[in-house]
Amino acid sequence: MPKSFFYFEEKKIYFEQDMSVAAALLCAGVADFRQTQVLHKPRGPFCMMGACFDCLLVIDGMVNQQGCMRLAKQGIKVKRQTSNVLSEIN
Amino acid sequence: MRVAVIGAGPAGISASLALVARSVHVTMLDEQPSAGGQIYRNLANVSAEQAQRLGSDYVIGKSLLKQLEQAIDNKILTSVSRASVWSVTEEKEVSWSIDGRSYCQKFDAIILATGSIERAMPIDGWTNPGVITVGAAQILIKTARYSPPSSVLVGSGPLFYLVACQMLEMGNPPKALLETQNNTDLLKAFIHLRPNLTSLLYLAKGLVMLAKLRFAGVKRIKAVRDVRIKSKGNAHIIEFSKVGTKRQIEAETVLLHAGVHPNIQITQALGLKHDWSQENHCFEPRTDKFGRTSLKNIFVAGDGIKILGADAAKISGKCAALALLADNGFLNAKADLSRPYRLHQKYVQIRKFLDVLYAPKDWYSCPTNNIVICRCEEVTAGKIREAVKIGCLGPNQLKAYSRCGMGNCQGRYCGNIVINLISEMVGQTPEETGYFRIRSPIKPVSLAEVANLETII
Ligand code: FES
């Protein structure tokens with residue numbers, strides 16, 4: 001059976017059923033999801049259960065999406081979120 | 001009568017089942033894709049073999065999930081998954097968001113079963129990518145069958161060893177356990193132990209886990225302190241000291257754990273009274289022994305009241321449901337209630353032991369000035385101390401001084417540390433310091449969603 005994948009920036013990330021976007025990325029060795037707003041440092045998932053909001057990504061053009069709460073779907077386009085969130089809208 | 005149960009972990013499910021058994025319709029709301037809470041996370045979807053591997057305490061949830069299925073099939077229970085509850089009011093209106101759409105429904109009664117979250121362990125480097133919680137690693141194991149390779153666990157607590165063992169069963173043992181408790185803690189804990197059967201069984205389980213880890217050759221280093229993580233991409237160097245000598249170890253993933261405490265976001269937003277727990281170093285919502293709050297027909301159940309674990313949470317859920325039924329004339333009160341409550345009390349003894357053994361350590365719960373406390377707004381302990389020095393009176397004023405606690409997580413992780421820092425500096429008790437004033441929406445929600453709020457009748 002062909003494996004499903006989504007795009008993380010240019011890369012294809014393969015995933016299995018029941019995986020969140022954050023889990024699939026971590027499995028693929030990607031832990032750096034975004035740049036923090038104040039100190040502009042790299043940040044990635046921490047709690048994986050929707051509480052810490054450290055896993056925020058841009059998913060299909062929508063900013064501030066919790067990677068650990070979104071199930072991975074075939075073909076979606078996922079991007080790192082930069083510290084200037086407003087600039088990412090459109 | 002329409003009842004909302006918020007949270008589909010052991011407490012929420014057993015509360016729901018007790019209600020549907022009396023033909024009361026329940027709407028169960030939960031944030032995750034399937035019911036089970038974090039303890040039975042994804043249990044409905046994992047293979048029998050995989051479930052077995054993760055241990056009997058995981059598999060045991062199957063029977064609860066099966067009963068839940070039946071209730072759903074019988075249309076007496078509505079289970080709403082992936083629902084982020086962002087508001088619960090005294091009038092018992094509940095608002096939640098799914099996939100960018102929000103809904104609001106009014107209920108006659110509510111049981112809050114929102115469980116626990118992991119205590120913050122603010123150390124140098126805890127905000128680096130690749131540093132996650134032990135609970136997060138367990139979620140990866142349960143939902144992605146992925147156990148982070150070459151991991152080092154830092155901290156202590158029952159979940160700490162459980163997850164280390166689960167990693168072992170996944171064929172990917174942790175590289176080392178850096179444990180924060182020491183032999184004095186162990187001695188003190190044993191002095192507190194008033195063993196009953198439940199606690200002895202619990203201890204036996206713990207010893208089996210430790211034996212497994214030892215047999216597998218997992219290195220355990222106890223009494224570590226002053227842990228710092230230096231990261232370069234996916235490579236981390238963990239520096240720590242043990243009896244005065246400095247040591248270090250490398251890891252690909254660092255897993256932190258300093259115990260768990262009740263998730264009090266909704267109970268705080270409702271303005272309920274909370275008491276500081278000396279034992280577990282956190283605020284707990286004030287309830288009677290069955291989970292009644294000061295608001296009529298709003299109940300709390302499970303670890304959301306006090307951390308006693310999944311088995312106790314099931315009984316607590318049932319207690320809350322029976323109290324609800326009794327208060328609303330569905331059953332003749334007292335007789336039914338006392339037995340589950342007595343059962344529930346069996347779990348208190350071992351918790352006293354665990355609370356002493358794994359009590360949070362000062363070196364991370366009152367950390368040095370350079371450490372980031374508020375992960376969202378990146379506020380350091382130094383900035384918090386400075387604010388207090390120039391007259392900041394408490395956690396709420398600290399928001400204005402520093403934005404600490406005002407980010408997306410709304411103080412979930414920094415809250416307790418802020419209390420420690422302020423209490424220490426001012427020389428007052430955590431009770432006197434108090435908590436952040438939590439307001440709805442307790443999860444970020446877009447204005448468009450609020451504007452298009454769909455009311456369910
Ligand atoms: S990792 Fe904490 S909210 Fe996603």
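If you're wondering where the values come from, they're calculated on a predicted model, not measured in any experiment. (Residues numbered from 1 in each chain as written. Chains lettered and ligands numbered in written order. Predicted model: local features only at pLDDT ≥ 70, side-chain atom pairs only at ≥ 80, totals over all residues. Heavy atoms only, no water.)

### Thoughts on the sheet that holds strand β6 (residues 101-106) of chain B
Residues and elements named next belong to chain B. Convention followed: Between any two strands, at least two bridges found by DSSP are needed for them to pair. By the criteria applied, helices consist of DSSP H or I runs no shorter than four residues and strands consist of E runs no shorter than two, each listed in order from the N terminus. Each axis is a line fitted through C-alpha atoms, taken for helices only over the stretch in contact, and angles between the N-to-C directions span 0 to 180 degrees.
With respect to topology, four strands assemble into an open sheet ordered β4-β5-β6-β23, the strand pairing being mixed. Of all strands in the sheet, those bounded by a partner on one side alone are β4 (84-88) and β23 (454-456). With strand direction ignored, the average angle separating the axes of adjacent strands in the sheet is 25°. Judged from the three bridges that link them, β6 and β23 form a sheet pairing that is parallel. Bridge pairing in β23 links glutamine 105 to isoleucine 456.

### Quick word on the interface of chain B and chain A
Frequently, the measure chosen for interface size is the accessible area removed from exposure when the parts meet. Threshold: Should any heavy atoms of two residues lie within 4.5 Å, those residues are counted as being in contact. As a working definition, buried area equals the accessible area (1.4 Å probe) given up by two parts on being put together, with both sides summed. Salt bridge, as applied in this entry: a Lys or Arg side-chain nitrogen positioned within 4 Å of an Asp or Glu carboxyl oxygen. Here a polar contact is recorded for every N or O atom pair within 3.5 Å, except that within protein the pair must consist of a potential hydrogen donor and a potential acceptor, and residues adjacent in sequence are included only if both atoms are side-chain atoms.
Taken residue by residue, the interface counts 35 residues in chain B and 31 residues in chain A. Note on chain B versus chain A: buried area summed over both sides is about 2,800 Å², and carbon and sulfur give 57% of it. Considering only the surface of chain B that becomes buried against chain A, Pro129(B), Arg375(B) and Glu378(B) emerge as the three largest contributors, covering 21% of it. At the surface where chain B touches chain A, the tally comes to three salt bridges. Between Glu378(B) and Arg43(A) there is a salt bridge; the shortest N-O distance is 3.8 Å. At the surface where chain B touches chain A, the tally comes to ten residue pairs in polar contact (both at pLDDT 80 or more).

### So, the nonpolar core
Side chains that are nonpolar tend, in soluble globular proteins, to be buried together. Keep this limit in mind: Buried residues of nine kinds, namely Ala, Val, Leu, Ile, Met, Phe, Trp, Tyr and Cys, make up a nonpolar core once their side-chain atoms join them within 4.5 Å. Per-residue accessibility, obtained with a 1.4 Å probe over protein chains only, is compared with the maximum for each type, and a residue is labelled buried under 20%, exposed over 50%, and partly exposed between these values.
If you look at the biggest cluster of nonpolar residues, it comprises 184 residues, and the most contacted ones within it are Phe6(A), Leu25(A), Leu19(B), Val94(B), Ile111(B) and Leu256(B). Tallying contributions element by element places helix α10 (residues 310-327) of chain B first for this core, with twelve residues. For Leu19(B), the residues in contact, after removing those within four places along its chain, are Val3(B), Val5(B), Val24(B), Val26(B), Ile111(B), Ala321(B), Leu324(B) and Leu325(B).

### Focus: the packing of aromatic side chains
Where we set the bar: Here a pair means two rings of Phe, Tyr or Trp (six-membered ring of Trp) with centres within 6.5 Å. Their orientation is stacked below 30 degrees between planes, edge-to-face above 60, and tilted elsewhere. For a lysine, the NZ atom is tested; for an arginine, the CZ atom; a charge sits over a ring if that atom is within 6 Å of the ring centre and within 35 degrees of the ring normal.
Applying the stated rule across the entire model yields 14 aromatic pairs over all chains. Seen from their ring centres, Phe190(B) and Phe353(B) are 5.1 Å apart, and the 65° between their planes marks the pair as edge-to-face. You can see Phe190(B) sitting in helix α7 (residues 183-192) and its partner Phe353(B) sitting in helix α12 (residues 348-357), a full 163 residues away along the chain. When its relative accessible area of 45% is taken as the criterion, Phe190(B) is described as partly exposed. Between the aromatic rings of Trp363(B) and Tyr364(B), the centroid separation amounts to 5.1 Å while the plane-to-plane angle is 85°, which identifies the pairing as edge-to-face. Residue Trp363(B) is classed as buried on the basis of its relative accessible area of 14%. Given the relative accessible area of 1%, Tyr364(B) is considered buried. What links up through ring pairs into an aromatic cluster is the set Trp276(B), Phe283(B), Tyr435(B) and Phe436(B). The ring of Phe5(A) carries Lys12(A) above its face, with NZ or CZ at 4.6 Å from the centroid.

### Notes on the side chain of Ser83(A)
Residues and elements named next belong to chain A. Its location among the elements puts serine 83 in the segment after β7 (77-79). With a relative accessible area of 15%, serine 83 lands in the buried category. The contacts of serine 83, once residues within four sequence positions are left out, are Gln35, Thr36, Gln37 and His40.

### Re the domain arrangement of chain B
All names here are of chain B. Stated formally: What counts as a domain boundary in this text is fixed by an automatic or database domain assignment.
Here chain B is described as being made up of domain 1 (2-117 + 261-334), domain 2 (120-258) and domain 3 (366-433). The C-alpha centroid of domain 3 is placed 30 Å from the C-alpha centroid of domain 1. If you look at the interface, domain 1 gives nine residues, while domain 3 gives nine residues. Carbon and sulfur atoms supply 53% of the area buried between domain 1 and domain 3, which totals about 770 Å² over both sides.

### Thoughts on helix α4 (residues 61-73) of chain B
All names here are of chain B. Note the threshold: An expected span of 1.5 Å times one less than the residue number is assigned to each helix. To be clear, the arc concerns the directions from the helix axis to the C-beta atoms.
Along its 13 residues, α4 runs 19 Å from first to last C-alpha, staying within 8% of the 18 Å computed at 1.5 Å per residue. Within the sequence span of α4, burial applies to Gly61, Leu64, Leu65, Leu68 and Ala71. Burial along α4 is one-sided: seen end-on, the buried residues are contained in an arc of 115°. Along α4, exposed side chains directed more than 90 degrees from the buried face belong to Lys66 and Asp73. Lining the buried residues of α4 we find α1 (10-20), β2 (25-29), α3 (56-59), β3 (77-80) and α10.

### Describing a positive patch on the surface
What counts here: Here, patches come from residues exposed beyond 30% relative accessible area and free of salt bridges, joined within 9 Å for like charges and within 5 Å for nonpolar side chains (Val, Leu, Ile, Met, Phe, Trp, Tyr). In these tables, accessible area is a Shrake-Rupley quantity obtained with a 1.4 Å probe, and a residue counts as shielded only by the protein chains included in the view. A positive count includes Lys and Arg, and a negative count includes Asp and Glu. His and the chain ends are not counted in either. By convention, charge coordinates are those of NZ in Lys, CZ in Arg, CG in Asp, or CD in Glu.
Together, Lys318(B), Arg339(B), Arg342(B) and Lys346(B) give the surface a local cluster of positive charge. Checked against the element boundaries, Arg342(B) lands in helix α11 (residues 333-345).

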